[in-house]
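# Results of the structural survey
Next come the chains, spelled out residue by residue.
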Amino acid sequence: MITPAHYMILSAALFIIGVIGVMVRRNIIIIFMSIELILNAVNINLVAFSSQLQHVIGQVFAVFVIAVAAAEAAVGLGIILAFYRNKETVNIDEMNLLRW
Amino acid sequence: MKYIWLIPLLPGVGAALNGLVGIRAFSRKTSGFVACATMVAALGLSVLAFWQLLGLPPDAREYTVTIADWIPPIPLQMHDGGIGRLQVPWGFRLDPLAGMMLLIVSGIGTLIHVYSTAYMADEPRAGVARFFCYLNLFCFFMLMLVLGSNFLVMFVGWEGVGLCSYLLIGYWYEKKSAADAGKKAFITNRIGDWGFILGIFLIFFTFGTFDFREVQDAAARLPVESMHFGVLSAICLLLFVGATGKSAQIPLFVWLPDAMEGPTPVSALIHAATMVTAGVYMVGRNAVLFSHAPMVMEIIAIVGVLTALMAASIGLVQYDIKRVLAYSTVSQLGYMFAAMGVGAFAAGAFHLMTHAFFKALLFLGSGSVIHAMGGEQDMRRMGGLKKYLPVTFLTMMVGTLAIAGIPPLAGFFSKDEILFRTFLSNKSVWVLAVVTALMTAFYMFRLMSMTFFGGYRGPAWEPAGAGPAAAIAAGHGVAHPHDPHAHGQAHKDDHEVSHGPAEPHDPPGGHGGGHGAWHGPHESPTPMTFPLMALAVGAIVAGFFGIPAALGGSNAIERFLEPSFTPSAVHAGAEGTRPAAGAAEPAAATALPAETAGEHEAPHASRGLELGLMGFSVLIAVVGIALAWKLYVTNPEISESLAERWAGAHRVLLNKYYVDELYNATVISGTMAGGRRLWTFDRRVVDGVVNGTGWFTIIGSWISGLTDRYVVDGAVNLVGWTAQEASYWFRRLQTGLVQNYALLMLFGVFAFVSLYLIAR
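Residues numbered from 1 in each chain as written. Chains lettered and ligands numbered in written order. Predicted model: local features only at pLDDT ≥ 70, side-chain atom pairs only at ≥ 80, totals over all residues.

Each helix and strand in chain A was counted, giving three helices and zero strands. Its C-alpha atoms give chain A a radius of gyration of 17 Å, more than 25% over the compact-globule value 13 Å for 100 residues. In terms of overall dimensions, chain A has C-alpha extents of about 50 × 25 × 25 Å along its principal axes. Within chain A, the fraction of its 100 residues that count as buried is 14%. The contacts of chain A with a sequence gap of at least 6 include a subset with a gap of at least 24, amounting to 45%. (Helix = DSSP H or I, 4+ residues; strand = E, 2+ residues; numbered from the N terminus. Rg over C-alpha atoms; globule rule 2.2 N^0.38 Å. Buried ≥ 20, exposed ≤ 12 C-beta atoms within 10 Å, placed from the backbone. Contact = placed C-beta atoms within 7 Å.)

In structure tokens, the structure reads:
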């Protein structure tokens, strides 16, 4: 039997993977993908508890998150494209214009 | 007659035309024509106005025109506590005295304008326009002086003629002596004007009005100050100071001889006929005022006769033809003042008129001589000119006989009237006046003899031009050099060495008579001889207006002028205490009708005496003439031996009593020293204060600058520096690495969550 605990362990694992990805990777595309992982970890939590509590609001929330994530992906990829055109790189360490 | 204000205005318009347009655009002929035309128009109007004046009954011969307000009425607190009014109109008044003066100024002025067109013909074009502008301007101011109905309008004219005199004396301003003479005349005049203007102030303070007629009537109501020196005496003395400046009396006569640096027509018009008589005219205008101050009258008589004597004695030995005439003018003005001083106002004014004619004539004649001699003024270089300048000679002879007092020429009647009146009132003044008359006859005939008789002593000339004569002609063409020593260096070298100045030349035959180059002495052109002839006629007939009763005449001029010297009939009749024009005559100090009668009876009473005096003065004149003839024509060597025997006296006279030197040593050097001291004061104290203020400002601003830089800027920089230093560690956080920020964020979240968990 799959209990909410299982979902939460999966969700936490995905979240940790996402955070580590954001922290350690230099490729901005990978970081972007890691952020998606984090968002989807949250989505798993939301859907799992919706099913557990027999309440549809969690699923509605998940759908909103997916929509926002899609929008965020569009904006984020636009920024990455613009950056790549200027710098010919996607290395996050090169994106340091705003330092002192 | 309503338009008498146009009379001064016309020459003013001429001056404006010539001054504003003429200097740039007019040819010599045009500017001369404009000037002459305005003067002729003014003369026509003057004659018309005078004619209408004659048409009035003798007591009402006065006409006042007010064209505008100059100073609108201003209420004033008077010294006696009442409320007075300061109001000055542009008022013009024609009365017998002004009428006479008006005819003299416009008549002689017109003649001299005509004369100038020829005399100034060799000047540069712009110079001619400038000359006529000044000359017209002079006539404008002089006519204003004459016609002004109050002291302030007269003062405008008074100052204006002084200005024009300055401008015209300094007409050849490139010449230092001319510029200096102009300054001398102006400054000396200013000293007199100082007295005049103080007198005017005192008149307003005393009477509360500037109007001549009102002042005279007010003065007539005051008692005669025979015993004490009151306010009327003070007024008169101050006015007389003004008159001494303008009319060249002791001690301010020094400017007039130097004024001969100006062109000769100017000398004739301003420094002989019109402007210098302004002082006499002013005294005559205020006759009532002056006859209330017997002490001042005494002073005037003494100053007048001493001036006459002194100037005549200087004139005895001068060599410059114009200077002789200048001293003669000073001397004759002294005569007029002597007449005024003894109360013979009409006689003084009469002499003013006759003198204007014969002195203008003599000056214009001398101008003609100078013109003929190519600018030479030294009489030692003339001689024998009679045959070259017949018209000039004849007319000047008329003038000379007139000034010497030979009957029946003009000078005889006027001078004799003065001598007679001085004899009646003050014997010592009379004695000095007679001595002056002797000298006058002498120096005038000395002038005539040295100029027209004897042998020719001037430079030689070549009949056809070229050579040394051309060099002189060049000087003649550019500007008549008036300093005898500055004249034509060329002839000095060429002729003085070989002939000596006193050795007579054989008169070379024939002369070119041309105008451009000097071909020897020649008669002047018609525009110059015509005024000479006209003035000669004047010098002959002018005296007939004043034939004294003793000779069967009626002394018309005296009766004509009488209303100008008396207060208005209304006041005189009411008060009955009109002091006499002849204050010295006791019979005169009664009511008006009796007094007027008395004045005309006095000559009758002593007819024998008057005839005797006349004979005596003619005798004196003849003696003077004979003496001059003997010394300068028949036996010229006597005069030189006399000059050697009385070398000291001769030198003193030749140097004009060293008056100029005295003034230089006292007044002028004193003024200069005072000026230098003031300058030192100025430099040290005033400039010191100014510089000190400057230094103070500099030091203050330096301190202020330091404060600004170190305190204000320091505070601002300190704030910036503090912020910069304080941010040294914090700015390290801003790595620009996104993952750093994310890590920090993570730590932050952990921290807050931990805190939340623990603290709960």
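Further remarks concern the confidence of the model for chain B. All names here are of chain B. Residue-level pLDDT values for chain B average 83, and 87% of them are 70 or greater. Note that pLDDT drops below 50 for residues 464-515; the model gives that stretch 83 contacts with residues more than four away or on any other chain. Taken as a whole, residues 570-603 scores under 50 in pLDDT and shows 59 contacts with residues more than four places along the chain or in a different chain. (pLDDT = per-residue confidence, 0-100.)

All names here are of chain B. When you tally the buried positions in strand E1 (residues 63-77), you get zero out of 15 residues, a small fraction of the element. Judged from the eleven bridges that link them, E1 and strand E2 (residues 83-94) form a sheet pairing that is antiparallel. Note on E2: the bridge partner recorded for Leu76 is Gly84. (Pairing = 2+ DSSP bridges.)

At the interface, eleven residues of chain A touch ten residues of chain B. Classifying every residue of the side of chain A that touches chain B by side-chain character gives eight nonpolar, one polar and two charged. (Nonpolar A, V, L, I, M, F, W, Y, C, P; charged D, E, K, R; others polar.)

Time to look at the packing of helix H10 (residues 264-273) of chain B against helix H14 (residues 321-341) of chain B. Residues and elements named next belong to chain B. Where H10 contacts H14, the two axes come as close as 11 Å, and the packing angle between them is 10°. The pairing of H10 with H14 is recorded here as roughly parallel in orientation. Contacts between H10 and H14 involve Thr264, Ser267, His271 and Ala272 from the former and Lys322, Ala326 and Thr329 from the latter. Residues that form the contact of H10 with H14 fall into these classes: two nonpolar, four polar and one charged. (Axes fitted to C-alpha atoms, helices over the stretch in contact; angles between N-to-C directions. Parallel < 35°, antiparallel > 145°, perpendicular 65-115°, else oblique.)

Our next topic: helix H13 (residues 294-315) of chain B. Between its first and last C-alpha atoms H13 of chain B spans 31 Å; for 22 residues at 1.5 Å apiece the expected length is 32 Å, and the two agree. Most of H13 of chain B sits out of view: 17 of its 22 residues are buried. (Expected span 1.5 Å × (residues − 1).)

With that out of the way, let us pick up unusual backbone geometry. Going from Ile250 of chain B to Pro251 of chain B, the amide bond is cis rather than trans, its omega being 5°. Tracing the sequence through the fold places Pro251 of chain B in the loop between helix H8 (231-246) and helix H9 (255-258). For Glu88 of chain A, which is not glycine, the phi dihedral falls at a positive 60°. Along the chain, the position of Glu88 of chain A falls in the segment after helix H3 (57-87). The exposure class assigned to Glu88 of chain A is exposed, which follows from the 8 C-beta atoms found within 10 Å. Even without glycine at this site, Tyr658 of chain B takes up a positive phi of about 55°. By the element assignment, Tyr658 of chain B lies in the loop between helix H27 (647-654) and helix H28 (659-726). For Tyr658 of chain B, a count of 12 C-beta atoms within 10 Å puts it in the exposed group.

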